[in-house]
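# Results of the structural survey
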Amino acid sequence: MTLTRRTLIGAAGALPLASWATAGRTETPMSELPFSATTPVSIGRVGLRARDAEGLASYYRDVVGLQELSRDGETITLGAAGRPLLVLESDTAAKPDDPRSAGLFHTAFLLPERADLGRWINHAIAQKIRVEGASDHIVSEALYLTDPEGNGIEIYADRPKDSWKWDGSQVAMATDRMDVQGVVASVPQGDAGWQGAPENTVVGHVHLRVGDPREAEAWWNSEFGFDTVAKYGAQAVFLSSGGYHHHIGANTWQSAGAGKREKERTGLAWVEMRSSEAAAGSSKQDPWGTEIRTVLGKAA
């Protein structure tokens, strides 16, 4: 089976979420930090180069629910409940990203609970937000969209990790149609509804466009000690730390044979990994020139 963004997200074009679920359920309870962020190595922040940083910041505030946390010159940092997750670096002269090149497939924002995903769906219905797909991946439930500069976004919630099915070192994942009504029904009656990305929202994983998944697999195995937990034929590989279903995905669905990424393009600038095992912070480049930074310590 040839996998593409369409088959990954389980749909083509904008999805009529309102036809699947009923908005109107309206105090968000405290939640725990997701498992993804508690492993020895996890995702910290993602940096994007933007031609219109102000416009992108508005999109991530209004659509994804992130809050602006700080500004430093032309750089805008956004996050959730004070936790920085996304850094927008302004470069008005940058060329548009080339989806056939190495770079970002999507940044995946992990909500703490299924009900948070239901709240976001109601928000998307009310605001008529264009959604490109809604999928049940067995380990998680996810919605997909694209920001105004072409950067892919996943908004998802994990299923309980004790429900994930493992065959040895390999985790079972699929792309089935999401039970949107079931997700929305998880929102309690009398709930206050979507109030923006809740406390303990994290970047659960980052999915990369690469030139060769085998080369990406070897690099992440070697440089970060990641385990290979799933493969989709020769076109995609999924890797993780500490038994998560994946912190990094790497595919060639659009980018087979891609060489080094052009630094002057918009899109992915860097990915920050948080490690409790590293001896010191560092900055490395993957085989396609994408900067992968390491900072010390676990998420808190």
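So, here is what we can say about the structure in this document. Note that this is a predicted model, so its numbers are computed, not measured. (Residues numbered from 1 in each chain as written. Predicted model: local features only at pLDDT ≥ 70, side-chain atom pairs only at ≥ 80, totals over all residues. Heavy atoms only, no water.)

In the structure shown here, the tally under the stated rule is twelve aromatic pairs. On the numbers, 5.5 Å between centres and 70 degrees between planes, the contact of Phe105 with Trp253 is edge-to-face. Here Trp253 lies in the loop between strand S15 (248–251) and strand S16 (267–275) and Phe105 lies in strand S5 (residues 103–111), a separation of 148 residues in the sequence. Of the two residues, Phe105 and Trp253, both sit in the buried class. (Phe/Tyr/Trp six-rings, centres within 6.5 Å; stacked < 30°, edge-to-face > 60°. Helix = DSSP H or I, 4+ residues; strand = E, 2+ residues; numbered from the N terminus. Buried < 20%, exposed > 50% of the residue type's maximum accessible area, 1.4 Å probe, protein only.)

One open sheet accounts for nine strands, arranged S11-S6-S7-S8-S5-S12-S15-S14-S13; its pairing is mixed. A strand with exactly one partner marks an edge of an open sheet, and here the two such strands are strand S11 (176–177) and strand S13 (227–232). Bridge analysis of strand S6 (residues 133–136) against S11 gives two bridges, and the strand direction is antiparallel. In the sheet register, Asp136 faces S11, and the bridge partner there is Asp176. Sitting on the sheet, helix H3 (residues 114–127) touches S5, strand S7 (140–146) and strand S8 (152–158), and the angle it makes with S7 is about 30 degrees. Contacting strand S12 (202–209), S13, strand S14 (236–240) and S15, helix H5 (residues 213–224) runs over the sheet at an angle of about 10 degrees to S14. (Pairing = 2+ DSSP bridges. Contact = heavy atoms within 4.5 Å. Axes fitted to C-alpha atoms, helices over the stretch in contact; angles between N-to-C directions.)

Now for H5. Here H5 contains twelve residues, and its C-alpha end-to-end distance of 16 Å stays within 8% of the 16 Å for a straight helix at 1.5 Å per residue. Of all the positions in H5, only Pro213, Ala216, Glu217, Trp219, Trp220 and Phe224 are classed as buried. Around the axis of H5, the buried residues are gathered within 165 degrees of arc, so they sit on the same side. Away from the buried face of H5 by more than 90 degrees, exposed residues Arg214 and Ser222 are located. (Expected span 1.5 Å × (residues − 1). Arc of directions from axis to C-beta.)

This part covers the nonpolar core. Counting 61 residues, the largest nonpolar core has Tyr60, Trp120 and Trp220 as the members making the most contacts within it. Take this core: its biggest share by element is seven residues, from helix H2 (residues 53–64). Sequence-distant contacts of Trp120, that is, excluding residues within four places in its chain, are made with Val63, Val64, Leu111, Ile129, Val131, Leu143, Leu145, Ile155 and Trp194. If you look at the next biggest cluster of nonpolar residues, it comprises 19 residues, including Ala37, Tyr156, Val229 and Phe238. (Core = buried A, V, L, I, M, F, W, Y, C linked by side-chain atoms within 4.5 Å.)

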